Each structure stands twice: as structure tokens, then as C-alpha cells.
Amino acid sequence: MSDATVMDKIVSLCKRRGFIYPASEIYGGINGFWDYGPLGVLLKNNIRDSWWRAMVECPPIGPDGHPIEMVGLDSAIIQHPKTWVASGHVGGFADPMSTCRQCKRLFRSDHVPDMLRDAEWVKSLLGALGKSGLDGLVEFHEDFTEADPTTQALSRWARKEGKKLAPGLALVRQWTATLDGMRKTVSETQRGAPHGQPVATNTVEFLLRAMARPSTSEPLLDPCPNCGGDLTPPRQFNLMFESHAGAVQDDSSKVYLRPETAQGIFLNYKNVLDTTRVKVPFGVAQIGKSFRNEVTPRNFVFRSREFEQMEMEWFCHPDEAKTWFEFWKAERMRWWRSLGVSEQNLRFRDHEADELSHYSKMTVDIEYRYPFTAPDYGELEGIAHRGSFDLTQHQQHSGQKLEYFDQELQLKLKAQGVAEDEIKARSRYVPNVIEPASGLTRAVLLLLCEGYAEDASRASPTYLKFDPKVAPVKLGIFPLVNKDGLPEIAEKLYMDLRTRFACEFDAKQSIGKRYARMDEIGTPFCVTMDGQTLEDQTVTLRDRDTAAQERVALDQVAARLMPRLTA
RNA sequence: GCGGGAGUAGCUCAACUGGUAGAGCAUCAGCCUUCCAAGCUGAACGUCGAGGGUUCGAAUCCCUUCUCCCGCUCCA
């Protein structure tokens, strides 16, 4: 069975049993949005609660043997627009993109010049022209006659290497017409440079642009780094959703839906410090929705346009940042393992230097082997060393001081006999931030993938082996048959246990069908009342994964289950 | 956004060259049933993704559009 099929089956199961539905389905759906059904929301809430408990209510033990300091937060989805200027989201992520009309590839427009420098076909062309870089000067006769040495070199190149390396280049595809166009372009540009800017018409860079267009009616643009084809003019792909606050819909009222929850924490860093008695190092955790107008939502809920994040910002002294980075790296992996995710499906992957975000000094991803990435792994959680980037940015843009005065450090330095001036300088600083950021909706996907199991030898060939902690329903309660007072006993137990955890009572259809139904939604346990129950007040307790049964006293069911449900 | 494939019952899929939309499973009701999707009887379920066009007649042909899957690209 291929992994694509597994994914199809999971998507189908999610729909069929009410985990996840496509959003706005009755209107034909809306790309990149999903609705969590009755079972999906239970599963999602269970994961959310587990994270919140592990981070805020019962945070890990620190290196000093005491629990670390952590508080929670729930900030607004819409914040002051300047937030996103300071964070870099407004400037950096509304990336203009261009598509190649020949080979159809998509490029970030601002990356094209650099890519051209490294492109095979450009290197080859430079070699043919005897130049070493794009800014090299080219000599040619304005009319590009056949006698012109540059034209001759271009001609030779276009017929040989160019044909292989740059099949999309206009000069290669249509030699005569393009050459004609280049003549006009050069003379026109030399006569009147647009926007009054002097344009150097004798550089390789200009030459490349001139020879990339099939006609002269289009503006000069860099050619495609891949095939030399003509690129479309840069188009904006704004990755943030926009809205307007207030009645007037103009630029002054423009607001953004947050593309990450993290910034809400940085905005409240000072509030938390001023009102909660926490001291560095401490963390602020938040769970909530974020929105990104992704170019291509793909792979079920893996990349959707509305999603839920679980982020924590750990504020610490710059000298201790690396130690805490390692601490959280280990803690976060431990948490994923605690959800029952198998070791071989998880791994760490360090970001390469060129892959690091603008804000990060060091980032490691926890990756999971999703069915659609297998045998490779895909992103699950990012743990980033953000340095003091965010607080410094907000300090500059808001004009508010976001420094931390470290009184403990001050006392320590004083005791060490450090000079007064140095103590002052060293005990006031902008904390560094370690950020473990993961997707709650991605965690739901992971548990569905991890839990999905097939076993043709079972009566219920497909089942979800969720860890009991996160299973949407914990216990199925069935009378073996619908008579002899068994339904009454079962319902009494149900009425008792439903106050403790999620139970389902079912007396319909055959017992096998009821077990199978519970298996399919990942219910870890079922109890069944039978003839013996009437005699000795015991029931059978069935385990989902082994289908094994044992007899348990009716009044001991809850006690038996609780440790497994809360561990 | 580009290229390729696909949308028919809750799910998985049929329906020949244009001629009254079907099956299995699931669901519901009743009967039966003492441990793993059992059986019997009955019921409900579709403007065939949406909109327009051609036609006496469209799930089927044409146009537009939406969504999903795969690839390219993007993923802060």
C-alpha cells in the first residue's frame, strides 16, 4: 500500500467519522480552511490541554532542580499594525514573485539577480563573451551587425551551449527577431533613459535583459535563472490577511490577522514583568489561531491558511541562551514522545545558516515522518534562538524601554566585588528569547497519522491507536445484549463515569460492530456487561490494541482506568 | 500562480455511442442476538461540485468557476 493511499484513507476516515471536514463544504469548499468535527475538536482540545499542562500548569524542572517559571497569555489576533512592521512581517514577507513564461517556474523576484549569477547558462554565456561577471562591460556595435565580435560570440553561443542550457531565452528561440529588438532597445534606452535615470547599456546585465524578451513592447526584466525565459513582472503575494478596523476602509484603518502568536507575547512582555513577579529566566506561553495566506495550501491540514499554534517565548540572560536552547530542545522532544509518538518517526534537524530566518541565530526543527513526506520527514515544531531581535525591534518601533533590570545579577556582581559602573551596565539588558513553536492543528494531523493502523486479521481492520491521554472518547460502555437488565446496569455505569471522562454508551447492533466502531475512532477501552455481571457484579474490560479482555469489578472500572488516562 | 489528474448518496465506487441515476458499506426503526463490522424485515438518503450554453432530451458535449490530488514554486 502506497503512502498516498494511507493519507487518502486518513482523510476519508476523518470525514466519515467526524474528525475533520473541508470548510464551507456546502458552498463547494474554500481552499486552505478546515473545520474540526465533534471528534476532531475533542482530540485537538486534549492535545492543547496536554501542552498547556506541560508548559504552564506543571512546567518542567529546571537545571537548579526547581520548576521553571512559566505563565500563560491569550493575546488579541489583531494587534497594532506597527507590530508587524517591527517584527519584519510587513516589510519582509510581502514578497514579489515572478513566473517564467517558458518553463513556468516561480521565483522570488528579489532572488533572481543572485540566482542569475549562479545560473549555469549565464556562466556559460559569460565564458563565451570572455567576461567574469554580470557587471562586466560589453563592447558591441549599436546595430549588432554580423561583423560585430560580440554579436558573433552571441550567435555561436546561442546555436550551441545556449540551445542546451537556456532553451527559454528569446535570443535562442528567435535569433533574428530578438536581435532586432535588442537594436531598438539599446538605441531607445540610450536616447532617453526612463525616469531620468542614466542606464548603462553596455553591461552584461543589460544585455541579458535585452535578449530575454521576444518583443520590445514589454519592460526590461531579468531572464529566468533556470531556462533564460521571460519572467512576468513581479506580483505581490502578501502572506498576511488584511482587514480594516473601524468603518472607514482606507490605508489608515488597515489591520492584519496575526501570522504568528509570538508577537502578542513580545507586546505583553513588559506587562507580564510588571504584574506577575516573574524574574528572568521565565516563559510566556500562548495557544491560539494564526493566519497565513499561503500560496499553496497542501497535504490536508499540514499547511492551511488558518491554523492553531502553541508557542512559548523563553526570556533569559544572553549568556545562558544556548544552555536554555538545549534544555528546550530536549523538553520538547520529550513532550512529543509523551503523546505516544514513536521514536523512529521523530527527529531533530538543524537549520543551515542560509536557511535561518531573519530573526534567528540558531534553529532546530523537530520533524515527523508524515505519510506524504515518507521516507523523508516534514516540519513539526521549530525551536528558535531569536536572540534579542524581537524585543529590540519593538523597543525601537514603540519607543518603550523593554530592558530587564536583573537585581539578582546585581547582587551577585556586588558580592564578587565588581566595579560599580560595570555592575550597572551588566545588570540591565534586553533578554534573549528561545522559542519552541509548534502547530496544534499539525499535532492533530500527526496523531491521526501516527495512530492510523491496519490489521486485516482483526475484526476491525482499521483502527486509531491514540494514546489514552489524547483519545477523543476514553471508554465505550455496552450491554452485551439488549435485555435481562443489562442495558440498565450499563447505563448506570455510564451515568456515573461520564462525569469523570468522555464515555459513550451504545446498546445498538452486534457487540462486534460496537467494538469496531470504537476502534475506528481510537477509543482505548470498552466495558461490556454480560450474564456473569448479574451474578458477581463484574464486567469485561477490553483493550483496543490487543482486543484482550479481563474481568473487572463494576465499581473498580474508574480506578483501573484513571492512571492510564491522566499519565 | 503554472502544468497534469479528478469531483456522482455520509464513505468507496458504477452507469456503453447523450435517453427515467445504481451497488456495497455506513445510517435509522423493528425483530433476533451472551463477546469482536453476524442475520432477517423495513426506511431514509442525490437538482450527478457550482453557474451558463448546445439539444426534443445532458452525470455524459462546450464555456466559465470552485474544490481536491500530484508536480513546479512558496512555506517568514
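Please refer to the structure higher up on the page.
This text gives an overview of the structure that appears in the document. (Residues numbered from 1 in each chain as written. Chains lettered and ligands numbered in written order. Predicted model: local features only at pLDDT ≥ 70, side-chain atom pairs only at ≥ 80, totals over all residues. Heavy atoms only, no water.)

## Considerations on the protein's contact with RNA strand B
Thinking step 1. RNA strand B sits among 53 residues. The nearest are Arg 292, Arg 303, Ala 459, Ser 510 and Arg 517.
Thinking step 2. The share of sugar and phosphate among atoms of RNA strand B within 4 Å of the protein is 56%.
Thinking step 3. In the environment of RNA strand B, a phosphate oxygen lies 3.5 Å from a nitrogen or oxygen atom belonging to the backbone of Gly 32.
Thinking step 4. One of the backbone nitrogen or oxygen atoms of Gly 531 is found 3.2 Å away from a base oxygen of RNA strand B.
Thinking step 5. Considering each element in turn, the surface near RNA strand B owes the most residues, 7 residues, to helix α20 (residues 511-520).
Thinking step 6. When its residues are assigned to classes, the surface near RNA strand B shows 17 nonpolar, 19 polar and 17 charged. (Near = heavy atom within 4 Å. Polar contact = N/O pair within 3.5 Å; in protein donor to acceptor, adjacent residues only side chain to side chain. Helix = DSSP H or I, 4+ residues; strand = E, 2+ residues; numbered from the N terminus. Nonpolar A, V, L, I, M, F, W, Y, C, P; charged D, E, K, R; others polar.)

## Brief notes about the sheet that holds strand β22 (residues 538-543)
Note: strands within a sheet are paired through backbone hydrogen bonds, in either parallel or antiparallel orientation.
Thinking step 1. Strand order in this open sheet of 5 strands is β20-β19-β21-β22-β23, and the pairing throughout is mixed. The sheet is open, and its two edges are formed by β20 (503-505) and β23 (549-553), each paired on a single side. Recorded for the sheet is a direction-independent mean angle of 25° between the axes of neighbouring strands.
Thinking step 2. Direction of pairing for strand β21 (residues 525-529) relative to β22: antiparallel, over a ladder of 4 bridges. Following the sheet pairing, Phe 525 is matched in β22 by Asp 543.
Thinking step 3. Along the sheet, α20 contacts β19 (475-479), β20, β21, β22 and β23; its crossing angle with β19, the most-contacted strand, is approximately 170°. (Pairing = 2+ DSSP bridges. Axes fitted to C-alpha atoms, helices over the stretch in contact; angles between N-to-C directions. Contact = heavy atoms within 4.5 Å.)

## Brief notes about the pairing of β21
Thinking step 1. Burial analysis of β21 places 5 of its 5 residues in the buried class, which makes it a mostly covered element.
Thinking step 2. By the alternation rule, side chains of β21 split into Phe 525, Val 527 and Met 529 and Cys 526 and Thr 528, which are all buried.
Thinking step 3. Here 5 bridges tie β19 to β21, and the two strands are oriented parallel to one another. Each bridged residue has a counterpart across the sheet, and for Leu 475 the counterpart in β21 is Phe 525. (Buried < 20%, exposed > 50% of the residue type's maximum accessible area, 1.4 Å probe, protein only.)

## Regarding the sheet that holds strand β3 (residues 70-73)
Thinking step 1. Read across the open sheet, the 7 strands follow the order β3-β9-β10-β16-β13-β12-β11; overall the sheet is mixed. Every interior strand has two partners, whereas the edge strands, β3 and β11 (346-350), have only one. Sheet twist, expressed as the average angle between the axes of neighbouring strands with direction ignored, equals 20°.
Thinking step 2. Strand direction decides the pairing type here: strand β10 (residues 306-316) and strand β16 (residues 432-439), joined by 6 bridges, are antiparallel. Residue pairing for β16: Cys 316 is matched across the bridge by Asn 432.
Thinking step 3. The strands that helix α2 (residues 38-57) touches are β3, β9 (282-291), β10 and β16; relative to β9, the one it contacts most, it runs at about 160°.

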